[in-house]
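Each chain is listed here by its residues.
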Amino acid sequence: MGNKIADLKTTVKGTLTDLRLHWNEPKKGNYMSFKEIVAYSGGGIGVKFIGLMAFNMILSSTNGLIGNTIGIKPLDMYILYVISVLVNIPLSGIRANIIDNTRSKEGKYRPYIVKMGIPCAITTILFVWFPYQSFGSLFGEGYIFGEKRAYVVTCAVVLLMNFFQLFFYYFFMESYENLINVLSPNTQERTDVATIRGVVYSLAPSVLNLAMPIMAQLITNNNMYDIRLFRYIYPPISIASIALCIVVYANTKEKIVQAKTHIIQIKFMDSLRQVIHNKYFWVIAMATWLGFLETAA
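What this report covers is the structure whose coordinates are included nearby. The model shown is predicted, which means the values in this text are computed figures rather than measured ones.

The rules behind each value
- Residues numbered from 1 in each chain as written.
- Predicted model: local features only at pLDDT ≥ 70, side-chain atom pairs only at ≥ 80, totals over all residues.
- Heavy atoms only, no water.
- Helix = DSSP H or I, 4+ residues; strand = E, 2+ residues; numbered from the N terminus.
- Buried < 20%, exposed > 50% of the residue type's maximum accessible area, 1.4 Å probe, protein only.
- Contact = heavy atoms within 4.5 Å.
- Areas by Shrake-Rupley, 256 points an atom, 1.4 Å probe, with all protein chains shown as cover.
- Core = buried A, V, L, I, M, F, W, Y, C linked by side-chain atoms within 4.5 Å.
- Expected span 1.5 Å × (residues − 1).
- Bend = angle between axes of the 7 residues up to and from the residue.
- Arc of directions from axis to C-beta.
- Patch = residues over 30% accessible without salt bridge, like charges linked within 9 Å, V, L, I, M, F, W, Y side chains within 5 Å.
- Salt bridge = Lys/Arg side-chain N within 4 Å of Asp/Glu carboxyl O.
- Axes fitted to C-alpha atoms, helices over the stretch in contact; angles between N-to-C directions.
- Parallel < 35°, antiparallel > 145°, perpendicular 65-115°, else oblique.
- Left-handed = near helix turned anticlockwise from the far one by under 90°.
- Nonpolar A, V, L, I, M, F, W, Y, C, P; charged D, E, K, R; others polar.
- Phe/Tyr/Trp six-rings, centres within 6.5 Å; stacked < 30°, edge-to-face > 60°.
- Lys NZ or Arg CZ within 6 Å of the ring centre and 35° of its normal.

Concerning the overall build of the protein chain
Right, so step 1: Within the protein chain, the regular secondary structure consists of 13 helices and two strands.
Right, so step 2: Within the protein chain, the fraction of its 297 residues that count as buried is 41%.
Right, so step 3: By sequence separation, contacts in the protein chain at least 24 residues apart represent 77% of the contacts at least 6 residues apart.
Right, so step 4: For the protein chain, the accessible surface area stands at approximately 16500 Å², while carbon and sulfur atoms represent 65% of it.

Dropping the structure here:
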């Protein structure tokens, strides 16, 4: 027992020494300091929070916020979903084109963690704060396509917000996930940091899943689908998460850079063509469509 305690003390002491010596300077053979690892992993909690909230607003057959809270019917939700997926094809090409042609001193992925994180958070806040219940008085009580005008406007707002969220969310999350690939050319180091990142930022869904029922009990009489619940929780979390995204941006540095003379311009149509010709994209899309339709039915 005494030997185990002594070994534990030695391990803790060695870890603290490593942290002190390599907080700002990476170990020999590595490229990331402990400060950079902590910033990338810890700040990733904010990235995950924004990603979770944004994902909760993207159309799907089991989306409780859109279906139960806002009140979009399952069949209408499926129609909106198909439209959003089709629109996401050119959006994917645009994202690929922007990334491929990025020539920034800040790096290839780092800038977009903030540049796409902020509009992603703003879209999230707008989504939950739209006055859906007042659309009847704002747009009149007539009918369009056999549905109340307010309901059609609600569907249009949800679809428009999904267009924005599809672009910002995927751009934002892909930038963070891909950042690790340029933080170190050391494969083992990238694997280790990715593992740490996965453990740390997995705290975000746990915290959100714990907070939602507690706040529902305090605010909405245990109604998990009351729009007020999302209005009170999502905005402050979004603002705090942006601060954590800035931590990632400010404390990481891309190590794999291209020479200024190495310039390759990728045309938008080339990017779009690659997306369209990607068979895996269509396999995944078709499987998702079928799964959506099955669940909706």
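Description of unusual backbone geometry
Right, so step 1: Despite not being glycine, Asn221 shows a phi value in the positive range, around 55°.
Right, so step 2: By secondary structure assignment, the location of Asn221 is in the loop between helix H10 (203-219) and helix H11 (227-251).
Right, so step 3: Residue classification places Asn221 among the exposed positions, given a relative accessible area of 68%.
Right, so step 4: Positive phi is not limited to glycine here, since Asn222 has a value of about 70°.
Right, so step 5: Looking at the secondary structure, you find Asn222 in the loop between H10 and H11.

A word on the nonpolar core
Right, so step 1: Membership of the largest hydrophobic core comes to 68 residues, with the highest contact counts inside it found for Tyr40, Leu59, Ile72, Ile113, Phe127, Phe172 and Leu179.
Right, so step 2: When residues in this core are grouped by element, the largest group, 20 residues, is from helix H8 (residues 149-183).
Right, so step 3: For Phe172, the contacting residues outside a window of four places in its chain are Val47, Ile50, Gly51, Tyr112, Ile113, Met116, Gly117 and Cys245.

Considering helix H2 (residues 34-55)
Right, so step 1: With 22 residues, H2 should reach 32 Å at 1.5 Å per residue; the first-to-last C-alpha distance of 31 Å fits that figure.
Right, so step 2: Ile45 marks where H2 bends most, by close to 30°.

Here's the deal with H10
Right, so step 1: A rise of 1.5 Å per residue sets the reference length of H10, with its 17 residues, at 24 Å; its end C-alpha atoms lie 24 Å apart and thus fit the reference within 8%.
Right, so step 2: Ala204, Leu208, Met212 and Ala216 are the residues of H10 that are buried. Viewed along the axis of H10, the buried residues span an arc of 90°, placing them on a single side of the element. In this structure, H10 carries Leu210, Gln217 and Leu218 as exposed residues pointing more than 90 degrees from its buried face.
Right, so step 3: Looking at the buried positions of H10, the neighbouring elements they touch are H2, helix H9 (187-201) and H11.
Right, so step 4: The first or second residue beyond H10 is Asn221, which carries a positive phi of 55°.

Observations concerning a nonpolar patch on the surface
Right, so step 1: Where nonpolar side chains cluster on the molecular surface, the patch consists of Leu19, Trp23 and Val38 and spans about 240 Å² of accessible area.
Right, so step 2: Relative to the assigned elements, Trp23 resides in the loop between helix H1 (2-21) and H2.

Examining the packing of H2 against H10
Right, so step 1: At a minimum axis distance of 8 Å, the contact between H2 and H10 shows a crossing angle of 55°. Between H2 and H10, the crossing angle belongs to the class labelled oblique. In this structure, H2 crosses over H10, and the sense of that crossing is right-handed. When H2 is examined against H10, the residues Ile45, Lys48, Phe49, Leu52 and Met53 are found in contact with a partner set consisting of Leu203, Ala204, Pro205, Val207 and Leu208.
Right, so step 2: For the contact of H2 with H10, the per-class residue count stands at nine nonpolar, no polar and one charged.

Quick look at the pattern of salt bridges
Right, so step 1: For the coordinates displayed, the defined rule picks out four salt bridges.
Right, so step 2: In this structure, Glu36 engages Lys255 in a salt bridge whose closest nitrogen and oxygen atoms are separated by 2.9 Å. Taken together, the residues span a long stretch of sequence, with Glu36 in helix H2 and Lys255 in the loop between H11 and helix H12 (268-276) at a distance of 219 residues.
Right, so step 3: For Glu36, a relative accessible area of 6% gives the class buried.
Right, so step 4: Between Asp226 and Arg228 there is a salt bridge, with the nearest N and O atoms lying 3.0 Å from each other.
Right, so step 5: When its relative accessible area of 37% is taken as the criterion, Arg228 is described as partly exposed.

Here's the deal with the environment of Ala194
Right, so step 1: Position of Ala194 among the secondary structure elements: in helix H9.
Right, so step 2: On the accessibility criterion, Ala194 (24% relative accessible area) is partly exposed.
Right, so step 3: Spatially, the C-alpha atom of Ala194 lies 9.6 Å from that of Asn181, the residues being 13 residues apart in sequence.

Thoughts on the side chain of Ser175
Right, so step 1: Following the sequence through the fold, Ser175 ends up in helix H8.
Right, so step 2: Ignoring anything within four residues of it in the chain, the contact list for Ser175 reads Tyr109, Tyr112 and Ile113.

Digging into the packing of aromatic side chains
Right, so step 1: Under the defined criterion, the tally for this structure stands at twelve aromatic pairs.
Right, so step 2: Judged by centre distance (6.4 Å) and plane angle (15°), the ring pair of Phe164 and Phe168 falls under stacked. Separated by four residues within a single helix, Phe164 and Phe168 lie in helix H8, roughly one turn from each other.
Right, so step 3: In this structure Phe164 comes out as partly exposed when scored by relative accessible area, which is 37%.
Right, so step 4: Accessibility expressed as a relative area gives 16% for Phe168, which makes it buried.
Right, so step 5: Both rings, one in Phe167 and one in Phe168, keep their centres 5.6 Å apart while their planes meet at 70°; by these two values the pair is edge-to-face. Of the two residues examined, Phe167 and Phe168, each falls in the buried class.
Right, so step 6: Connected via pairs of aromatic rings, a cluster forms that spans Tyr112, Phe164, Phe167, Phe168 and Phe171.
Right, so step 7: Here Lys73 stacks its cationic end above the ring of Tyr151, 5.3 Å away from the centre of that ring.
Right, so step 8: Directly above the aromatic system of Trp129 lies the positively charged group of Arg231, at a separation of 5.1 Å from the ring centroid.

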